[in-house]
Each structure stands twice: as structure tokens, then as C-alpha cells.
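Spelled out from the first residue to the last, the chains are:
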Amino acid sequence: MVHNFNSGPSILPKEVFEQASQAVLNFNGTGLSILEIGHRTPLFQAVLDEAISTAKELMQLDAEHEVLFLHGGASTQFFQIPMNLLNEQETAAYMDCGIWGSKAIKEARIFGNVAVVASSKDKNYTYIPRQFEIPSNAKYLHYTTNNTVEGTQMHFVPETDVPLVADMSSDILSRVIDFNRFSLIYAGAQKNIGATGVNMVVVKKDILGKVNRKLPTMMDYRQHIEQGSVLNTPPVFAIYVCMLTLRWLKKSGGVAAIEKINDAKAALLYDTLDSLPGFRPTVVKEDRSKMNVTFFIDNPELEKEFLALCKDNGMVGIKGYRTVGGFRASLYNALPMDSVRVLTDLMKDFANKKM
């Protein structure tokens, strides 16, 4: 058995794979593959409608928020957001708590001023700053809710009257949160939502249309809203997998139900790490991610041996990000508790024999 701890593209529910693979051969009994149906046909419109309506239901969104499925992944949003929301002489507030936040800051500076109101770079992004001030004239505050690489997570929503913009790529729909507090949310699908190749954007309509610059049609959120995510040919298969995954989550009890499972998975792994000699979590306790658990082995000579042991036991994706090193276990919605138990049992046995 394979235990998939990849950080993204990541594990998806088995039934989603089964349904998606059948649709590649014969979509809903039409004799056509999902890969060849027209994107402006009723066949695909039904898929898109269900994906959007299910996302709205799971997130309990109000009527002011629109859900879009767009090309380009989260990295495109790094520049599309300031392009749509920030004039050249205006200022946006950003938190720098990891590699993706720093990339977003770099792109935003192309379009306007950036005030970095909080940063954890001083300690290699191993914590989340709590004491920071947001300029009252900031057009928005941008932050990453969960830092996939570094293993930190924002367990609070900043209190501010400034519009909130959040990159939720690696923890969206993993926990209950008031999504209506945000003016814009974006998330690459390939962790908790579906297959790689599509980006989900949730935008509050009243934040749009306030910049002076001319926007390329494909970069204008208003155009995508008007055309219902089919301004051009959308990634049909990726959206279909999103729809199936969102349907699975709804059937599984929704966000509140999956949060309880995610809490249990994270607690088991962190409790094991804290109890064993030789294993060292990298993040301060109060800011540990429940999606991406990062850790080291104190003796570097044992790291390769443990990594090889994980491979021999069917575990993939355990190696840490290339700029961080160590190990990372991603515990996304679809990862079963049994996989976490296999990992923790292996860690205990390794510690008993080697440490």
C-alpha cells in the first residue's frame, strides 16, 4: 500500500479517482470522454454549476461573493490581485511568513507600494508574528493562511477594517472559518480541492473596479464573473475533479466533520514527534500547521536512513522542501488516519532502535 504524504499535487479520495477515470472513458453515459466534451455545452455547464454551488455551500458564502475557477494556479494570483486592486501610488499591506508570501510581495511591488507589516524571516519562518500594525490607508492585507514549505499556519484571522486577501492554497476547506470576512481568497486546487491545473478564486464583488489602469481582459476578475468562468476555454477535466472532490467533502459531512479528522491526524503526529528522542519539529507549538508537518532528525546521518525506510514502507512525499531540508508530512483532507498511524509507528520503532 502507498501512503501519499506529497505536498501537492497530493492525495485525493479514492472514489474521486475512480469516478474521474470512468469519465475519461465515458462521461455520464454519453459515449464521450470528459476530455473531449465542449466547454460551452450543457454537459460541462452542469459540472461547473455543481462545483460553484457546492463550494459556496461548503464555505457558507453570502450573495456578495463569487466563485471562479481560473487558469494559472496561485502564482498567477500573486500579480493578478494587485493588478486588479492596487493603484500605482497606493499601498497594500503584506505579511511575509514564508516563501509564497515573499513571492507575492515581489509581484505586488510591480503595481504599487507594499508595506510589509509582519515578517518571521528572522527565525527562518518558524513562527507567525502576532504584534503588527496595518496602515489604515492600506487597500488590503494579504497573507498566506498556511505555509506549505515551512509548516506554519495562521490560527487566527487578523482584526482589521482593511479588506482581507488570503492565499489558502494548502488549507482551504480543511477547517471551519468565516470565509465571508475575506474580500478575496485564492487556492491552487492540487491539495484539498482537486487536480492540478485550476485555481479557485472567491471574490467579493465590491472590491473590484477601483483601479485606474487598463486591465487585459483575461486578467480582469469582472470579465470572468460576467462570463461565469468560461471567458475562454477552461481546464474542463481539472474542474470536473474539483467538482467530484467538493461533492465527496459534502457527502463526508462538510468542513466541520473533516476538521475533526484533520485535528486528530495532526495531534497524533505532533504528539509522537514531541515524545520521541531524536525527532525535532521545526515550528513553535502555537503556530504548527495541521496540514504540513515539518521536522528534522537531530543526527543528520540518520536522515537518509529514515527516508529510505519510509520509502521501503510505501511512504512517498516525506522529504522536506529543497530549501528547508528535513522532512515534511502533508495531512490533507483525503489522507486517511491509517497512513498517519503507519508513519508514527515507523518513527517509534526507528527511535527505539537508533536513538
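What counts and what doesn't
- Residues numbered from 1 in each chain as written.
- Predicted model: local features only at pLDDT ≥ 70, side-chain atom pairs only at ≥ 80, totals over all residues.
- Heavy atoms only, no water.
- Pairing = 2+ DSSP bridges.
- Helix = DSSP H or I, 4+ residues; strand = E, 2+ residues; numbered from the N terminus.
- Axes fitted to C-alpha atoms, helices over the stretch in contact; angles between N-to-C directions.
- Contact = heavy atoms within 4.5 Å.
- Parallel < 35°, antiparallel > 145°, perpendicular 65-115°, else oblique.
- Left-handed = near helix turned anticlockwise from the far one by under 90°.
- Nonpolar A, V, L, I, M, F, W, Y, C, P; charged D, E, K, R; others polar.
- Salt bridge = Lys/Arg side-chain N within 4 Å of Asp/Glu carboxyl O.
- Buried < 20%, exposed > 50% of the residue type's maximum accessible area, 1.4 Å probe, protein only.

(A) Up close: the sheet that holds strand β3 (residues 91-96). Strand order in this open sheet of 7 strands is β2-β10-β9-β8-β5-β3-β4, and the pairing throughout is mixed. Bordering the open sheet on either side are β2 (65-70) and β4 (113-119), each of which pairs with just one other strand. The mean angle between the axes of side-by-side strands here comes to 20 degrees, regardless of whether they run parallel or antiparallel. Taken together, the 2 bridges between β3 and strand β5 (residues 141-144) define a ladder with parallel strand orientation. What sits directly across from Y94, in β5, is H142. Sheet contacts for helix α2 (residues 42-59): β2, β9 (182-188) and β10 (199-204); angle to β2, the most-contacted strand, approximately 130 degrees. Running at roughly 155 degrees to β9, helix α3 (residues 73-85) makes contact with β2, β3, β8 (164-167), β9 and β10 of the sheet.

(B) Structural context of the packing of α3 against helix α4 (residues 99-108). Closest axis-to-axis distance for the α3/α4 pair is 8 Å, and the angle between their directions is 40 degrees. Of the possible angle classes, the one that applies to α3 and α4 is oblique. Read as a crossing pair, α3 and α4 show a hand that is right-handed. Two secondary-structure elements touch here, α3 through F78, F79 and P82 and α4 through W100, K103, A104, E107 and A108. Here the contact of α3 with α4 is composed, by residue class, of 6 nonpolar, no polar and 2 charged.

(C) Structural view of unusual backbone geometry. Note that the residue after G8, namely P9, is joined by a cis bond; omega there is 0 degrees. Looking at where P9 falls in the secondary structure, it is placed in the loop between β1 (3-4) and α1 (14-25). Positive phi outside glycine occurs at S229, with the angle close to 70 degrees. The residue S229 is located in the loop between α5 (221-226) and α6 (236-251) in this model.

(D) View of the sheet that holds strand β11 (residues 279-281). With antiparallel pairing, the 3 strands of this open sheet are ordered in space as β11-β12-β14. The outermost strands of the open sheet, each flanked by one partner alone, are β11 and β14 (327-330). Strand-to-strand twist across the sheet, computed as the mean angle between neighbouring axes with direction ignored, equals 35 degrees. Judged from the 3 bridges that link them, β11 and strand β12 (residues 292-297) form a sheet pairing that is antiparallel. Within β12, the position partnered with R280 by the bridge is F296. Sitting on the sheet, helix α7 (residues 254-275) touches β11, β12 and β14, and the angle it makes with β12 is about 15 degrees. Strands in contact with helix α8 (residues 303-312) are β11, β12 and β14; relative to β12, the strand with the most contacts, it is inclined by about 135 degrees.

(E) Seen up close, the pattern of salt bridges. Inspection of the entire model under this criterion finds 17 salt bridges. Note that K251 is salt-bridged to E15, the shortest N-O span being 2.8 Å. Residue K251 is located in helix α6, and its partner E15 is located in helix α1; the two are separated by 236 residues in the primary sequence. Between E159 and R181 there is a salt bridge whose closest N-O contact spans 3.8 Å. In this pair, E159 sits in the loop between β7 (152-153) and β8 while R181 sits in the loop between β8 and β9, placing the two residues 22 residues apart along the sequence. In this structure E159 comes out as exposed when scored by relative accessible area, which is 70%.

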